[in-house]
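Topology and contacts: notes
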Amino acid sequence: MSPKKPVAAAKKAAGEVVDAVADAVSLAEKPVPGAPGSEPPSLEEPTDPREMPPPKPDQQQPAPLSPTGAPSSDPPTASAQQGAYLTTATGVRIGDSDHSLKAGPRGPTLLSDHHLREKIMHFDHERIPERVVHARGAGAHGTFVANGAASSVSRAAVFAQGEETPVFVRFSTVLGSRGSADTVRDTRGFATKFYTREGNWDLVGNNIPVFFIQDGIKFPDVIHAGKPHPDREIPQAQSAHDTFWDFVSLHTEAQHHTLWNMSDRGIPRSYRTMEGFGVHTFRLVDAEGATTLCKFHWKPRLGVHSLTWEEAQLAGGVDPDFHRRDLYDAIESGAFPAWDLGIQTFPDTPDQMFEGIDLLDSTKLVPEELAAVQVIGTLTLNGNPTNFFAETEQVAFHTGHLVPGIDGTDDPLLMARNFSYLDTQLTRLAGPNFNQIPINRPHAPVNDNHRDGFHQQAVHGGVAPYSPSSLDGGCPFFAGAEDGAFIDVPVTVPEATKVRENPASYDDHFSQARLFWKSMSPVEQEHIVQAYSFELGKCYEQAIKERQLLALANIDEELCAAVAQGLGLPAPEQTVAYDDPEPSPALSQVGGTWPADGRIVGVVVDPDGDLAAVAELRESLLASGVLPLLVAPRGGELGEGLVAQRTFATARSVEFDALVVAGATAPAPDAVPSRDSKAGGSPVTTADPRIVLMAEECFRHCKPVVAMGEGRSVVDDLGLAGAGVVTGDGPGDVQADLMALLGTHRSWERFAVTG
């Protein structure tokens, strides 16, 4: 039996609940995401013993494999808790877990209470060390389907035409702790574990194609500089402080990455609208052993979109879990996020250069106009974790997890990462057997001759855990290339002297930063200026601000002058000559159109208004792949089969990609500042002030604002007009324009750019 077939059977079993629910739910009755369980609770405490309810339809668990990769016919829930009764860890049923064993009701607790000791012991050790970087993350299950386009340059089975590979993806921020907010300005991790039939391949990337440093020996330094100051442990999850800007202004190789971080890329709208990059140059090996250099790209099907700075700050307060909630809700509602995986390929020349660009320098990118990105497959995320700790927190990525057909290069940053990722798991996951944790288990047979160690879950047979051996029938045997062995590419290493130096090609720190700046649209350039002005304005030391301005002068004089003006400092002269590069349109987020699948539209509803029109709009939006959330003065049923998902008290504009004002609701009973501070706005119109706030924020953030029926009076009273504002009598008058506007994401032309 193929190793994939039991896994496929298990996946099919897991999907039966999903299919059953999907078949039973009509288009207009799709559940709004966010329910905490698969069935609603009873008002009274349940007392009749029963098995645990099944997981929600959107939830998946790691495939049921043994610690050594053997397929299992067990259902996916076999690793979940079993039985209807509370037990100890050894399966002994418990009758009381509310009272410790005491010497009389008021007497001392007894050490002989074995249940108390086990319960408290396990609780005391529930937490493991968080990741030093990328501690704040969210993960999801999915599949990768190859289109065969990479088969000509790589023998990897994962790239064979039609090959479907299970994956687990973890998105993350770099600097913040596990408890930090999602919407901070930071680089995002985009790490993908491919459970290929040849073993696990980890593509551990970021949402920015370049890195801060060229040599991995500086990695502890840049992270120490970006982390909170060690004396006060502030600021959390931010780069707007002295130590970060001290480092990057002294290490000018960091300027390219820093410019990306100061752009809108630093605050994505959603993980679903975030590009991903492998950062490094990798080496692909075909079936004949020929090699090609490549860079990996993840292209989101929904386009690349970001939050405005004000939205990011609002979301950090209203919902610190903004990005992970968006990801999980999208999957639960059936709006499965998807990315195309693409590669840029380059000849594997001895100098490993391409068009004058050093392919081993991780602070450089290759513009897509010089080397097009060829799509080689599609990633779709279609399952949420069943248990965050067991899956998202315990998943262990490693840049050295490669499969035949994919190899590394001599990039000094990549080589240091190959050491670091493996080393960190020894502490974080308490030993060398972390690959036996269910979320990390390969979907291929494992016979590694490793033995014992902390948390060993396999029960190895035989007496000869070494190779070669004549005992145990000689097993395990070495594989040849024809058996699918990983073959290290015999790359010629030129004669050299052992030195602590960089090649001369690493000395250019500004030309690609200038390329990025010149490729931005005017509104994106405006946001970059705002970001630098804010971040440097938060620094205390004047010398650090002045030193960073010197670096900006070597990127672009207009950028430098605008930031200097915001800081109240003179703009220095450039010290490095630069040419005007040809802009790369692929670097800009603005100007295209994308599918509206999974976009979220807030619909303001008046319970006493035209509910039939709202119901019609809701059904048509659902049919178009858009998720409408009804916002009303109160929760519960509104009439016409409509149920409010948000109230004026709980809603805020940052949650929505567009706002439809379908009613002019008068101020609700809770529209008083003492109960809801959002109700403290000036009475511009007779509508509830929370509606006014949402409409004004959406307008200010260049989102589509639609007024329908009685809601037109609100928009008219506020004087909202121009690009991205649509009004009409009913759904038929506004939906086509709304869908078109959602496809462009924002109406940036609503406001003129300064300068």
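For the structure itself, consult the block above.
Calculation notes
Residues numbered from 1 in each chain as written. Predicted model: local features only at pLDDT ≥ 70, side-chain atom pairs only at ≥ 80, totals over all residues. Heavy atoms only, no water. Helix = DSSP H or I, 4+ residues; strand = E, 2+ residues; numbered from the N terminus. Rg over C-alpha atoms; globule rule 2.2 N^0.38 Å. Contact = heavy atoms within 4.5 Å. Areas by Shrake-Rupley, 256 points an atom, 1.4 Å probe, with all protein chains shown as cover. Lys, Arg positive; Asp, Glu negative; His and termini not counted. Charge placed at Lys NZ, Arg CZ, Asp CG, Glu CD. Pairing = 2+ DSSP bridges. Disulfide = S-S within 2.5 Å. Buried < 20%, exposed > 50% of the residue type's maximum accessible area, 1.4 Å probe, protein only. Axes fitted to C-alpha atoms, helices over the stretch in contact; angles between N-to-C directions. Parallel < 35°, antiparallel > 145°, perpendicular 65-115°, else oblique. Left-handed = near helix turned anticlockwise from the far one by under 90°. 1 Å grid on protein atoms, 1.4 Å probe; cavity = no way out; pocket = protein on both sides within 12 Å on 5 of 7 lines; lining within 4 Å. Points joined across faces, edges and corners; volume = space filled by probe spheres on them. Nonpolar A, V, L, I, M, F, W, Y, C, P; charged D, E, K, R; others polar. Core = buried A, V, L, I, M, F, W, Y, C linked by side-chain atoms within 4.5 Å. Phe/Tyr/Trp six-rings, centres within 6.5 Å; stacked < 30°, edge-to-face > 60°.

Each helix and strand in the protein was counted, giving 17 helices and 21 strands. Over its C-alpha atoms the protein spans a radius of gyration of 28 Å, differing by no more than 12% from the 27 Å that the globule rule assigns to 755 residues. Overall, the protein is about 90 × 80 × 60 Å in size when its C-alpha atoms are taken along their principal axes. Pairs at least 24 residues apart make up 71% of the contacts formed inside the protein by residues separated by at least 6 positions. Per element, the accessible surface of the protein, about 34800 Å² overall, is 54% carbon and sulfur. In the protein, 59 side chains carry a positive charge and 100 a negative one; their mean positions are 5 Å apart.

Moving on to the sheet that holds strand E14 (residues 600–604). The strand order across the open sheet formed by six strands is E18-E15-E14-E19-E20-E21, and the pairing between neighbours is parallel. Unpaired on one side and paired on the other, strand E18 (646–647) and strand E21 (725–728) mark the two borders of the sheet. The sheet contact formed by strand E19 (residues 658–661) and strand E20 (residues 705–708) spans three bridges and is parallel. Bridging across to E20, Val-661 finds its partner in Ala-707.

We now examine the state of the cysteines. By definition, a disulfide is the covalent link that joins the sulfur atoms of two cysteine residues. Throughout the structure, instances matching the rule amount to zero disulfides. Free of any disulfide, Cys-702 has its nearest cysteine sulfur in Cys-698, 11 Å distant. The exposure class of Cys-702 is buried, given its relative accessible area of 3%.

Turning to the packing of helix H11 (residues 522–537) against helix H13 (residues 557–567), a few remarks are in order. Interaxial distance between H11 and H13 falls to 9 Å at its minimum, and their mutual angle equals 45°. The angle between H11 and H13 places the two elements in the oblique class. When you trace H11 past H13, the crossing you get is right-handed. Residues Ile-528, Val-529, Tyr-532, Ser-533, Leu-536 and Gly-537 of H11 touch H13, and the partners they reach there are Leu-559, Ala-562, Val-563, Gly-566 and Leu-567.

Right, let's talk about unusual backbone geometry for a bit. Each neighbour pair has its own omega, and for Ile-234 with Pro-235 the value is -5°, a cis peptide bond. For the bond from Cys-475 to Pro-476, the omega torsion is 5°, close enough to zero to count as cis. With respect to the helices, strands and loops of the structure, Pro-476 is situated in the loop between helix H9 (412–428) and helix H10 (511–519). Residues other than glycine seldom take positive phi values, yet Glu-233 does so here, at roughly 60°. With respect to the helices and strands, Glu-233 occurs in the loop between helix H3 (219–226) and helix H4 (242–250). Its identity is not glycine, yet Val-279 carries a phi of approximately 70°, on the positive side. Tracing the backbone through its elements, the reader meets Val-279 in the loop between strand E6 (276–277) and strand E7 (282–285). With a relative accessible area of 5%, Val-279 lands in the buried category.

Attention shifts here to empty space enclosed by the protein. In this structure the tally under the stated criterion is seven cavities of 30 Å³ or more. Of the volumes computed, that of the largest cavity is approximately 150 Å³. For the largest cavity, the lining is made up of 19 residues, of which Pro-209, Phe-277, His-297, Leu-365 and Val-366 are closest to its centre. Looking at the lining of the largest cavity, the element that brings in the most residues is strand E8 (residues 291–300), giving three residues. Of the residues contributing to the lining of the largest cavity, the split by class is ten nonpolar, four polar and five charged. Of the volumes computed, that of the second largest cavity is approximately 80 Å³. Taken together, Val-174, Leu-175, Asp-186, Thr-187, Phe-212, Val-222, Ile-223, Gly-226, Ser-239, Phe-244 and Asn-261 make up the full set of residues lining the second largest cavity. Of all the elements, H3 adds the most residues to the lining of the second largest cavity, at three residues. Along the lines of polarity and charge, the residues of the lining of the second largest cavity split into six nonpolar, four polar and one charged.

What follows covers the environment of Phe-322. The residue Phe-322 is located in helix H7 (residues 322–332) in this model. Using a relative accessible area of 7% as the deciding quantity, one classes Phe-322 as buried. The spacing of Phe-322 and Glu-233 is 89 residues in sequence and 24 Å in space, taken between C-alpha atoms. Apart from residues no more than four positions distant in its own chain, Phe-322 is found in contact with Asp-182, Thr-183, Arg-269, Leu-307, Ala-315, Val-654 and Glu-655.

Attention shifts here to the pairing of strand E12 (residues 374–385). Bridge count between strand E1 (residues 59–60) and E12: two bridges; the pairing is parallel. Considered in E12, the bridge of Gln-59 is made with Asn-384. In the sheet, strand E2 (residues 137–146) pairs with E12 via six bridges, with the strands oriented antiparallel. The residue bridging Ala-146 from the neighbouring strand is Gly-377, located in E12. Judged from the six bridges that link them, strand E9 (residues 338–347) and E12 form a sheet pairing that is antiparallel. The residue bridging Leu-341 from the neighbouring strand is Gly-377, located in E12.

Core analysis: the largest hydrophobic core is formed by 47 residues, its most contacted members being Trp-245, Leu-259, Tyr-532, Leu-559 and Val-563. Contributing elements (two or more residues each) for this core: H3, H4, helix H5 (255–262), H10, H11, helix H12 (542–553) and H13. With near-sequence residues (within four places) excluded, Leu-259 lies in contact with Ala-513, Phe-516, Trp-517, Ile-528, Tyr-532, Ile-555 and Leu-559. Residues Ala-140, Ile-331, Leu-341 and Ile-343 belong to the second largest nonpolar core, which totals 35 residues.

For Gly-453, the location among the structural elements is in the loop between H9 and H10. Along the backbone, Gly-453 and Ala-157 are 296 residues apart, and their C-alpha atoms lie at a distance of 32 Å.

This part is about H10. The buried count for H10 comes to seven of nine residues, which makes it a mostly enclosed element. When H10 is considered as a whole, its buried residues turn out to be Gln-512, Ala-513, Arg-514, Leu-515, Phe-516, Trp-517 and Ser-519. Where H10 is buried, its residues meet H5, strand E11 (357–358), H11 and H13.

All chains considered together, the criterion is met by 22 aromatic pairs. With centroids separated by 6.1 Å and ring planes inclined at 75°, the aromatic side chains of Phe-211 and Phe-212 adopt a geometry described as edge-to-face. Among the residues examined, Phe-211 registers a relative accessible area of 12% and is labelled buried. Given a relative accessible area of 10%, Phe-212 falls into the buried group. Members of the aromatic cluster, joined through ring pairs, are Phe-144, Phe-159, Phe-171, Phe-190, Phe-194, Trp-201, Tyr-271, Phe-282, Phe-296, Trp-298 and Trp-339.

As a further point, take the pairing of strand E5 (residues 199–206). With eight of eight residues buried, E5 lies mostly within the body of the structure. With eight bridges connecting them, strand E4 (residues 188–196) and E5 associate as antiparallel partners. Across the sheet, the residue bridging to Thr-192 is Leu-203, located in E5. In sequence, E4 turns back onto E5 through a hairpin of two residues.

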